[in-house]
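Structural features, examined
Take a look at the letters that make up each chain.
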Amino acid sequence: MRFDLNRLLDGAGVSEVVTDDVDLREYSPRGKSPFQTPVTVTAEARSRAGVVSLDCTYRFALDLPCDRCLAPVHRDMTLSIPHTVVRSLQNGPQDDEEYLVAPDGFVELSELAANDVIPELPSRFLCREDCKGLCPICGCDRNVAQCQCQTKETDPRLAVLDKFFE
């Protein structure tokens, strides 16, 4: 959806609010998209002297397996990111990250959502902070049961010293 900010950039309007659903299911960094439902974007724009403050609130659910135990995890998240929208920059490069440049007065909400939400996703996704993960030998979920596997691992560089003590 394109959010028309021309009235606000021209100083004719005071504020506008738009809500839209953005589909980010094509984003799949681990082979499966964390977005099973659309991301709801609420964009509120306020005008002040030809500069528009655009506050975007994103509501979405993440569905991914835990990075340690592979249990399915569902998280509802809310993210708020402010932007300053201008038609052009007088001094400086046009790819300045401090300002959102909209020469035609339109902001594409789907592109903005992807640029705002995806970098803010957690790099590790855990079912809980103290997740014990899977046993590397038998594959047992250590959060559910304790296996009897011997997990004594020796550094291969020091394996010769183990033979000395036998």
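You'll find the structure just up there.
Presented here is an overview of the structure given in this document. (Residues numbered from 1 in each chain as written. Predicted model: local features only at pLDDT ≥ 70, side-chain atom pairs only at ≥ 80, totals over all residues. Heavy atoms only, no water.)

1. Let's talk about the packing of aromatic side chains
All chains considered together, the criterion is met by 1 aromatic pair. The side chain of Arg 2 reaches across the aromatic face of Phe 106, ending 4.2 Å from its centre. We note Arg 75 situated over the ring of Phe 125; from NZ or CZ to the ring centre the distance is 5.3 Å. (Phe/Tyr/Trp six-rings, centres within 6.5 Å; stacked < 30°, edge-to-face > 60°. Lys NZ or Arg CZ within 6 Å of the ring centre and 35° of its normal.)

2. Regarding the sheet that holds strand β6 (residues 100–101)
Backbone-to-backbone hydrogen bonds join strands into a sheet, with any given pair of strands oriented parallel or antiparallel. Read from one edge of the open sheet, 5 strands run β2-β3-β4-β5-β6, paired in mixed fashion. Looking along the sheet, the strands with just one partner apiece sit at the ends: β2 (15–22) and β6. Here strand β3 (residues 39–48) runs beside strand β4 (residues 51–65); their pairing, made up of 9 bridges, is antiparallel. Note on β4: the bridge partner recorded for Arg 46 is Ser 53. Taken strand by strand, helix α2 (residues 109–117) contacts β2, β3, β4, β5 (72–86) and β6, and its axis lies near 65 degrees from that of β4. (Pairing = 2+ DSSP bridges. Helix = DSSP H or I, 4+ residues; strand = E, 2+ residues; numbered from the N terminus. Contact = heavy atoms within 4.5 Å. Axes fitted to C-alpha atoms, helices over the stretch in contact; angles between N-to-C directions.)

3. Re the state of the cysteines
If you walk through the whole model with that rule in mind, you get 0 disulfides. No disulfide involves Cys 131; its sulfur sits 3.7 Å from that of Cys 127, the nearest cysteine. You can call Cys 131 buried: its relative accessible area is 6%. Free cysteine Cys 147: the closest other cysteine sulfur is in Cys 135, separated by 3.6 Å. With relative accessibility at 16%, the residue Cys 147 sits in the buried group. (Disulfide = S-S within 2.5 Å. Buried < 20%, exposed > 50% of the residue type's maximum accessible area, 1.4 Å probe, protein only.)

4. Side note on the side chain of Glu 16
Inspection of the secondary structure puts Glu 16 in strand β2. Within the structure, the side chain of Glu 16 is placed 3.1 Å from the side chain of Arg 7, a separation counted as a polar contact. Those residues in contact with Glu 16 that lie beyond four places of it in its chain are Phe 3, Asp 4, Arg 7, Leu 8, Ala 43, Glu 44 and Ala 45. (Polar contact = N/O pair within 3.5 Å; in protein donor to acceptor, adjacent residues only side chain to side chain.)

5. Quick word on the pattern of salt bridges
If you walk through the whole model with that rule in mind, you get 6 salt bridges. Between Asp 23 and Arg 25 there is a salt bridge, with its nearest N and O atoms 2.9 Å apart. The exposure class of Arg 25 is partly exposed, given its relative accessible area of 46%. (Salt bridge = Lys/Arg side-chain N within 4 Å of Asp/Glu carboxyl O.)

6. Quick look at unusual backbone geometry
Of note in the backbone geometry, Leu 70 takes a positive phi value of approximately 70 degrees without being a glycine. With respect to the helices and strands, Leu 70 occurs in the loop between β4 and β5.

7. Points about the environment of Asp 10
With respect to the helices and strands, the residue Asp 10 is situated in the loop between α1 (6–9) and β2. Expressed as a C-alpha distance, the spacing of Asp 10 and Arg 48, which sit 38 residues apart in the sequence, is 9.9 Å.

8. Observations regarding the nonpolar core
When a protein is soluble and globular, its nonpolar side chains tend to lie buried together. Phe 3, Leu 5, Phe 35, Leu 54, Tyr 58, Phe 60 and Val 117 are the most contacted members of the largest nonpolar core, which totals 35 residues. Elements that contribute at least two residues to this core include exactly α1, β2, β3, β4, β5 and α2. Here the element with the most residues in this core is β4; it accounts for 7 residues. If we skip the residues at most four places from it in the chain, Leu 54 touches Phe 3, Ala 43, Glu 44, Ala 45, Ile 81, Pro 82, His 83, Val 85, Leu 100, Val 107 and Leu 112. (Core = buried A, V, L, I, M, F, W, Y, C linked by side-chain atoms within 4.5 Å.)

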